[in-house]
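Letter by letter, the chains look like this.
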Amino acid sequence: MVRPMKLTILFVVGTFFFLNVITFPPVMGLLGELTSPGFESTELDDLDPSFRKRLTNTVTLLKAEGYPVWVGSTWRSKERQVFYKTKGWSQTLNSMHRGGGEEPGKRRAKAADIRLNIPLIYLPIHAAFYHRLQKTALEEGSPPTTRIACRK
Ligand SMILES: [Zn+2]
């Protein structure tokens, strides 16, 4: 028979482990891809060349400072954008994540969602990172669309 104290410890450790896994940005991205209609890219090649250059500079600087930066999304399909608008996660159908053609090589998004590649439960670290990201992005001339949950 398992003692109540052991069960409590098992529950706390299990919950902590579970939260670490489901709030890990790549896992969240994968779950989003599996449960949402349409498509969302994480490729820098799907960005407008001028924006891609500024974003790459920003990401390079942040990585040099030791931040494990992860580009969560760049270009998204029309179907995905409609879905986000329907859900209220985006306010527009004319998103900065849209642009160019629908095929790879023709996509020209001017927005990217940047995340710190550690579980979101470590919120203070993310808060510090987003302050730093905003400052760096503005210095590099990137529009401040690099947010944790963009509305465009
Ligand atoms: Zn965004």
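Source: prediction; values computed, not measured.

About the criteria used
Within every chain, residues take consecutive numbers counted from 1 along the sequence as written. Residues qualify for local features only when their pLDDT is at least 70, as the model is predicted, and side-chain atom pairs are given and counted only at 80 or more; totals for whole chains, interfaces and linings, by contrast, use all residues. Numbering of helices and strands runs from the N terminus, with a helix taken as a DSSP run of H or I at least four residues long and a strand as a DSSP run of E at least two residues long. Between the buried cut of 20 or more and the exposed cut of 12 or fewer other C-beta atoms within 10 Å of a residue's own C-beta lies the partly exposed class, and all C-beta atoms are placed from the backbone. Helix span, as expected, comes to 1.5 Å for every residue beyond the first. To be clear, the arc concerns the directions from the helix axis to the C-beta atoms. Throughout, a residue-residue contact means that the two C-beta atoms, derived from backbone geometry, are no farther apart than 7 Å.

(A) Region of the structure containing the environment of Leu123. Mapped onto the fold, Leu123 is located in helix H5 (residues 123-139). Given 10 C-beta atoms within a 10 Å radius, Leu123 is considered exposed. As for Leu123 and Pro4, which are separated by 119 residues in sequence, their C-alpha atoms are 31 Å apart.

(B) Just H5, in detail. Spanning 17 residues, H5 covers 24 Å between terminal C-alpha atoms, matching the ideal 24 Å at 1.5 Å per step. Listed as buried for H5 are Phe129, Leu133 and Ala137. Along H5, the residues classed as buried sweep out an arc of 65 degrees about the axis, all on the same side. Across H5 from its buried face, at more than 90 degrees, point the exposed residues Pro124, Ala127, Ala128, His131, Lys135 and Glu139. Against the buried residues of H5 lie helix H3 (49-64) and strand S2 (113-116). Gly141 lies just past H5 and shows a positive phi near 80 degrees.

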